[in-house]
Amino acid sequence: MEEILTLLISDPQKAIDTIKVQSKDSSKIGNYIKEYKDFDRSQRDQQIEVIQKDKALEAGKVSKMVKIYINHAQNIAETLAAFVIGKPITLIPSEENDLSKIVKQIWRINRIDSKLLESTIIKFSQTQVAMQFYIVDANETSILNKVLAYFGFKAQVKEIKAKVLDNIKGAMTPYFDESGDMKFFMWDYKNKEGDKEVSNVQIWDETNVYHFKDLVLASKLPHGFDRIPIVYDSQDEPIWYTVKSPIDRHEVALSKLGDANDYSGHPILVTEGEVQNMPLKSESGKHFNVPIKLGGEDGKTIIKGNVRFLEATTAPESNKLELDKLEDTIAYGSGVPNLSLEKLKSLGNVAEKTVKLMFLATDIKAVLKQSSTRTFIERCLNIITSGVTKTTNTTMTANGKALYYDIQFNSILPSDISETVTYLKTAVEGKFVSQKTAISLIDLVDNHEEEINQIELENKTKVVIPLVEQ
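Not measured: the values here are computed from a predicted model.

## Remarks on the sheet that holds strand β8 (residues 196–204)
Strand order across the open sheet formed by five strands is β6-β7-β8-β9-β10, with antiparallel pairing between neighbours. Because the sheet does not close on itself, it has two edges, and the strands there are β6 (171–176) and β10 (216–222). The average undirected angle you get between the axes of adjacent strands in this sheet is 20 degrees. Alignment of strand β7 (residues 182–193) against β8, held across nine bridges, turns out to be antiparallel. Bridging across to β8, Asn-191 finds its partner in Val-198. Sheet strands touched by helix α1 (residues 2–10): β6, β7, β8, β9 (208–213) and β10. Its angle to β9, the strand with the most contacts, is close to 40 degrees.

What follows is the structure, encoded as structure tokens:
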């Protein structure tokens, strides 16, 4: 680590090359993005751009093949991300103090919940993502200072911000030591300065952030945290790669069916011989005049034209069976059920338990992904806490010593509120669960403690009117 720190000053290119050794393959990530965002279907032999090739005809004409692109990848990535963290999480601090209140407001003002959802989609589709925290100057009219004033805190001169790093905008590289601890993080991107394109490289260590422009050190500044203010996460392949084969086949099968329908899906008019008074296709009444002539050597052979429709007489049952089975295979392999309008209409009015059973496979997939997401969230909280205690509110250092958070994931599935309230009312009265737990399970409010206090206040101030005997 010391060698890289020295190289950052003496030989930036060598330091960058050393860190880049741990980079993921940028060409692979680029291909994932093309397939996900741009519907690039030329990367595998089984994809439609390879199979459904346009055909060159005479006179420079081209016969265009039907190519139907289906957004399976987006649907799988976005649906699973929504099940993992689509609904804002509940942060439960170990103790309520000034620091936990400020952390909560920083989380809310920076919309970290929506950034977590965005980060999860990027990880699922691009295989890696990072969230960067940084400190900027804050004026008295900033949203954070307005919120702090409302809660009785002094205005801050600095505040913490956050943004998501996307592989489309640049290249990210974490550098880990032998024990798996991140010692450096590098963000490589390009921007325009006037008419010139500049290559920028930012490198964070535990204390400082180095900014190079075209390999020249432009700045070296303390970042204001007690650790690298970057949260990084990755996985080996995009989330839809487990079902890429049936996805490819589904698109090819549907495209070929479209091609076949262009030929035989509608009646084709076949004529033989001379046909006169050919009606236009827009005419409702159709009349053909087919002349009859006598010819041949003897002059007695009947010569006439013929008109008939050529159409498919058998239903493509095998095509339908294959398409249905491919949809089932994609749903089974990815854990994301087919939620087309036609499928939902066929369900009718179903009970809450039935809905949850329908999404059991999706829920299982989401739970498996929540462990890495939980770690990601914990690191975000640790970085925010360190930025507050080290830079923006140094007087709260003591409050951070015993502060940690439990993280509660919340489901996006609809629930029957009346059924839940009835059950929890019975459970609270029977002393099976506490009032606080019941309020958190109903999940109608964000601040459970405040809601309990409000209920107690309303109970105390309730006016009881005594009955007057007549």
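## Re the pattern of salt bridges
Counted according to the given criterion, the structure contains 14 salt bridges. We note a salt bridge from Glu-35 to Arg-44, for which the minimum N-O separation is 2.7 Å. As far as the burial class goes, Glu-35 and Arg-44 line up, both buried. Notably, a salt bridge pairs Lys-67 with Glu-49, separated by 3.3 Å at the nearest N-O pair. With a gap of 18 residues between them, Lys-67 in the loop between β2 (62–63) and α5 (72–85) and Glu-49 in helix α4 (residues 48–51) connect regions that are remote in the sequence.

## Digging into the packing of aromatic side chains
Throughout the structure, instances matching the rule amount to ten aromatic pairs. An angle of 25 degrees between the planes, with centres 5.7 Å apart, marks the rings of Tyr-36 and Trp-240 as stacked. Highlighted residues: Tyr-36 in helix α3 (residues 26–37) and Trp-240 in the loop between β11 (230–234) and α9 (244–264), separated in sequence by 204 residues. Of the two residues examined, Tyr-36 and Trp-240, each falls in the buried class.

## Here's the deal with the side chain of Gln-105
By secondary structure assignment, the location of Gln-105 is in helix α6 (residues 98–109). Under the relative-accessibility criterion, Gln-105 is labelled buried at 8%. Contact partners of Gln-105, with chain neighbours within four places excluded, come to Leu-144, Val-147 and Phe-151.

## A word on unusual backbone geometry
The phi angle at Thr-127 is positive, at roughly 80 degrees, despite the residue not being glycine. Its location among the elements puts Thr-127 in the loop between α7 (112–126) and β4 (128–137). Located in the positive-phi region is Leu-215, a residue other than glycine, with phi close to 70 degrees. Summarising the element assignment, Leu-215 is placed in the loop between β9 and β10. For Leu-215, a relative accessible area of 41% gives the class partly exposed.

## Points about a nonpolar patch on the surface
The grouping of Leu-357, Leu-360, Ile-364 and Leu-368 at the surface amounts to a nonpolar patch, some 430 Å² of accessible area in total. When residues in the nonpolar patch are grouped by element, the largest group, three residues, is from helix α13 (residues 360–392). Take Ile-364: its relative accessible area is 47%, and that puts it in the partly exposed class.

Rules used throughout
Residues numbered from 1 in each chain as written. Predicted model: local features only at pLDDT ≥ 70, side-chain atom pairs only at ≥ 80, totals over all residues. Heavy atoms only, no water. Pairing = 2+ DSSP bridges. Helix = DSSP H or I, 4+ residues; strand = E, 2+ residues; numbered from the N terminus. Axes fitted to C-alpha atoms, helices over the stretch in contact; angles between N-to-C directions. Contact = heavy atoms within 4.5 Å. Salt bridge = Lys/Arg side-chain N within 4 Å of Asp/Glu carboxyl O. Buried < 20%, exposed > 50% of the residue type's maximum accessible area, 1.4 Å probe, protein only. Phe/Tyr/Trp six-rings, centres within 6.5 Å; stacked < 30°, edge-to-face > 60°. Patch = residues over 30% accessible without salt bridge, like charges linked within 9 Å, V, L, I, M, F, W, Y side chains within 5 Å. Areas by Shrake-Rupley, 256 points an atom, 1.4 Å probe, with all protein chains shown as cover.

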